[in-house]
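Okay, here's what each chain looks like letter by letter:
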Amino acid sequence: MKTESSVQDGILFVRLSGDLIGSPDTQQLLQSVDQQLGEEVRHCALDLSEVRYINSTGIGVLVSLLTKFRSRGGELVLINPAEHPRKMLMLTKLNAIFSIADDEQSAAQQLKAAN
């Protein structure tokens, strides 16, 4: 799994590609997000458009990230999940818990409205 991140207007944008499964990559993702969290960054937009496959561990990572941001008074939005992650979110009924946006601009608007 590859991860790219940037911060814009107090929003952490994370782009994932590959498979979101239990591996050292998921721990690196969680540590990277922890390092960027602070007073400036309270929201996160997670781009899943390039994630081919997600398993239960990957779902757990998403829930962990959501909890991390919400516990700090922020929010997490998923951007355009690819087919398999979208199916897994529906299967686990987590699509009712996560906010989903079509693109980065929509995600930013949702997160700014959440303030």
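Keep in mind the model is a prediction, meaning the values are calculated, not measured. (Residues numbered from 1 in each chain as written. Predicted model: local features only at pLDDT ≥ 70, side-chain atom pairs only at ≥ 80, totals over all residues. Heavy atoms only, no water.)

A look at the overall build of the protein chain
Part 1 of the reasoning: Along the backbone of the protein chain there are four helices and five strands.
Part 2 of the reasoning: Secondary structure elements of the protein chain occur, N-terminal to C-terminal, as β-β-α-β-α-β-α-β-α.
Part 3 of the reasoning: Scaling as 2.2 N^0.38, a compact globule of 115 residues should have a C-alpha radius of gyration of about 13 Å, and the protein chain matches this with 13 Å.
Part 4 of the reasoning: Referenced to the eigenvectors of the C-alpha coordinate spread, the extents of the protein chain come out at roughly 30 × 25 × 20 Å.
Part 5 of the reasoning: Taken across its 115 residues, the protein chain has 41% of its residues classed as buried.
Part 6 of the reasoning: At a minimum sequence separation of 6, the contacts of the protein chain that also span at least 24 residues come to 70%.
Part 7 of the reasoning: Accessible area for the protein chain stands at about 6200 Å²; split by element, carbon and sulfur atoms hold 46% of it. (Helix = DSSP H or I, 4+ residues; strand = E, 2+ residues; numbered from the N terminus. Rg over C-alpha atoms; globule rule 2.2 N^0.38 Å. Buried < 20%, exposed > 50% of the residue type's maximum accessible area, 1.4 Å probe, protein only. Contact = heavy atoms within 4.5 Å. Areas by Shrake-Rupley, 256 points an atom, 1.4 Å probe, with all protein chains shown as cover.)

Looking at the UniProt feature "domain: STAS" (unreviewed entry) in the protein chain
Part 1 of the reasoning: Look at the UniProt record and you will see "domain: STAS" (unreviewed entry) annotated at residues 27-114.
Part 2 of the reasoning: Within the segment residues 27-114, helix and strand shares are 50% and 23% respectively, and the terminal C-alpha atoms sit 27 Å apart. (UniProt positions renumbered as here; feature names shortened; annotations may be inferred.)

Remarks on helix α4 (residues 104-113)
Since there are 3.6 residues in each turn of an α-helix, residues three or four apart along the chain are aligned in direction.
Part 1 of the reasoning: The set of residues buried in α4 consists of Ala107, Ala108 and Leu111. Along α4, the residues classed as buried sweep out an arc of 100° about the axis, all on the same side. Projecting away from the buried face of α4 at angles above 90 degrees are the exposed residues Gln105, Gln109 and Ala113.
Part 2 of the reasoning: Looking at the buried residues of α4, the elements they touch are β2 (11-20), β3 (43-54), β4 (75-79) and β5 (99-101). (Arc of directions from axis to C-beta.)

Some points on helix α3 (residues 83-91)
Part 1 of the reasoning: Where α3 is concerned, the buried positions are Pro85, Met88 and Leu89. Projected down its long axis, α3 shows its buried positions confined to an angular sector of 100°, all on one face. Residues of α3 that are exposed and point more than 90 degrees away from the buried face comprise Glu83, Lys87 and Leu91.

Looking at the sheet that holds β3
Part 1 of the reasoning: Here five strands make up an open sheet; going across it, the order is β1-β2-β3-β4-β5 and the pairing mixed. Strand pairing shows two members of the sheet lacking a second neighbour, β1 (2-8) and β5, which therefore form its edges. If you compare each strand with its neighbour and ignore which way they point, the axes differ by 25° on average.
Part 2 of the reasoning: Across the sheet, α3 touches β3, β4 and β5, and the angle it forms with β3 is around 110°.
Part 3 of the reasoning: Packed onto the sheet, α4 meets β2, β3, β4 and β5 and runs at close to 160° relative to β4. (Pairing = 2+ DSSP bridges. Axes fitted to C-alpha atoms, helices over the stretch in contact; angles between N-to-C directions.)

Digging into the environment of Glu4
Part 1 of the reasoning: Residue placement: Glu4 occurs in strand β1.
Part 2 of the reasoning: By relative accessible area, which is 52% here, Glu4 ends up exposed.
Part 3 of the reasoning: Remark: the alpha-carbon pair of Glu4 and Gln35, spanning 31 residues in sequence, is separated by 14 Å.

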